[in-house]
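Results of the structural survey
One letter stands for each residue in the lines below.
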Amino acid sequence: MTLKIHVDMEKCQHYGQCVFDAPTVFRLNEDDKLEYESTADDSERDNIQLAIDICPMQAIKFVE
Amino acid sequence: MTNPVVIVGASMGGLRAAETLRKTGYAGELIVIGDEPHAPYNRPPLSKEVLAEHVDHAAVAFPLGEILDDVQWILGDAVVATNLDHHTITLASGRVVDYGTLIIATGLRPRRLDELGRPATGVHAIRTLDDAMALRAELNPGARVVVYGAGFIGCETAATATKLGATVTVVGKGEVPMLRPLGRQLAEDIQRRHEAHGVTFLNNTRIVRILGDDHLTGVELDNGQTLECDVLIEAVGSLPNVEFLEGNDIDIESGIHVNDTLHALHANGEPWANVYAIGDVARFPIPQFDPKTRRVEHWNIPTEMARKVGRQIALEHGDDAEAHAAEMAKEFTPIPSFWSDQFEVSLLAYGLLDQGEDVRLLEGEVGGDCLYGYYRDGKMVGVCGIGMRQKVMSYRNKVGLNFEPE
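Scoring rules and cut-offs
Residues numbered from 1 in each chain as written. Chains lettered and ligands numbered in written order. Predicted model: local features only at pLDDT ≥ 70, side-chain atom pairs only at ≥ 80, totals over all residues. Heavy atoms only, no water. Pairing = 2+ DSSP bridges. Helix = DSSP H or I, 4+ residues; strand = E, 2+ residues; numbered from the N terminus. Core = buried A, V, L, I, M, F, W, Y, C linked by side-chain atoms within 4.5 Å. Buried < 20%, exposed > 50% of the residue type's maximum accessible area, 1.4 Å probe, protein only. Contact = heavy atoms within 4.5 Å. Axes fitted to C-alpha atoms, helices over the stretch in contact; angles between N-to-C directions. Left-handed = near helix turned anticlockwise from the far one by under 90°. Nonpolar A, V, L, I, M, F, W, Y, C, P; charged D, E, K, R; others polar.

Attention now goes to the pairing of strand β4 (residues 79-83) of chain B. Bridge count for β4(B) against strand β5 (residues 88-91) of chain B is four bridges, and the pairing is antiparallel. What sits directly across from T82(B), in β5(B), is I89(B).

Turning our eyes to something else, we now look at the nonpolar core. Membership of the largest hydrophobic core comes to 138 residues, with the highest contact counts inside it found for F26(A), I89(B), L182(B), L186(B) and I256(B). Here this core takes six residues from helix α8 (residues 300-317) of chain B, the largest share from any one element. Setting aside chain neighbours within four positions, we find L186(B) in contact with L347(B), C370(B), Y372(B), Y374(B), C384(B) and I386(B). By size, the runner-up hydrophobic cluster in this structure holds 15 residues, among which are L113(B), L116(B), V123(B) and Y148(B).

The next subject is the sheet that holds strand β4 (residues 39-41) of chain A. Through backbone hydrogen bonds, the strands of a sheet pair up, either in parallel or in antiparallel fashion. Residues and elements named next belong to chain A. Taken in spatial order, the three strands of this open sheet run β4-β1-β5, and their pairing is antiparallel. In this open sheet, the two edge strands, each paired with only one partner strand, are β4 and β5 (60-63). Across the sheet, the mean angle from the axis of one strand to that of its neighbour is 40°, orientation sign disregarded. Two elements, strand β1 (residues 2-7) and β5, share four bridges in a ladder whose sense is antiparallel. Bridge pairing in β5 places K4 opposite V63.

Before going further, it helps to spend a moment on the packing of helix α1 (residues 12-23) of chain B against α8(B). Residue and element names in this part refer to chain B. Following both chains from N to C, one finds α1 and α8 inclined at 35°, their axes separated by 8 Å at the closest point. Crossing geometry of α1 relative to α8 is assigned as right-handed. Residues M12, G13, R16, A17, T20 and L21 of α1 touch α8, and the partners they reach there are P302, T303, A306, R307, G310, R311, I313 and A314. Residues belonging to the contact of α1 with α8 are distributed by class as follows: seven nonpolar, four polar and three charged.

The subject of this paragraph is the side chain of R136(B). Locating R136(B) in the fold gives a position in helix α4 (residues 129-136). When neighbours within four sequence positions are excluded, R136(B) is seen to be in contact with V50(B), L51(B), E53(B), H54(B) and V55(B).

Right under this line is the structure:
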């Protein structure tokens, strides 16, 4: 199963907290802006959930 | 172990503990009690977005997943007493709740200055959503606002109020705002950036009287001066919500003292087998720094403590004794993490900056993007940057006193 991920870039303040929990999905680019994979393997579910929980702006969610 | 698990405190720590309990297999009775009428919500926006935009509880509420469907919520009813020997807690309504395991996540409340005078309106603090909504109603363009306290909350609020068109004065007892955590050079830099936006700082100054009967008219300072103002925001620190534990044999000096498994402790240091404390209210050891215990009011701490406690309790209720023992033995070594937005200044920090005795500008320059390291005994205990996020993050796993000096 493939997971779909959405980040509300209006909310995102690029704090990068998600990067530590799910580094295969989230990263900051050279300009310190968030970039992310909009899909991920189901094996990443727990890590992405940790990133969703720890996001200070609560900007990340799974797309059903 | 007996049911139910009762969580006192329905903010982020309580929520994450409930989620972790369920995810780790605890299917028994689970009760979450909160003093506010609201379901759990995100507090960082209170000093920023909630003041600046017209948002309500729905905009800041944490999503409650299906996993929490069987949780019993008791909201708007504060815990007022407890009997740890009899495993009961008493709520303001008079209701008594029995627990098998108790997780305390009651957090902090702002220190208030009623003794200096208390007009009926105009004096505010920011901790809850209702606090922020009440303040927002008075933050009109042209309002004369005094912020008392030049810490992070005070400075963030000053920036937000200025952006809303208020005329803002920050009164602080220190020489420079945010001096203790940030160090002089960075703190002075941020003060100048605030001043460029029109914020006035009165450092080395205390408020001795709050003036006005019906509505606030001003504040009297310790230098004899009177500042006329329409709004006063008290941002002078916080107190742990521990009074409901008084009368029990439990160490609640400067927060609830917990050990490395986050069990609350008797006065003699022995753990209570079925009582835990997490989040801002807990005073805990961070072994990679030193053996001391401290409260850490940083964003990631409640969640990390909640996850550990939730897993421990769920596994204790399960049938895999080995997994439980392994979880109990797992060292708790969180890396404190925080950020702050004030005008264009966006700070990101890791570690315990206030433990630094020697602060060094590592990269960048004063007035621009910059990266500071905080050192004790030659070892990095914290890192803080304006901008330079990737670089700040690259130091995250290097802060602590157990690491070799450079």
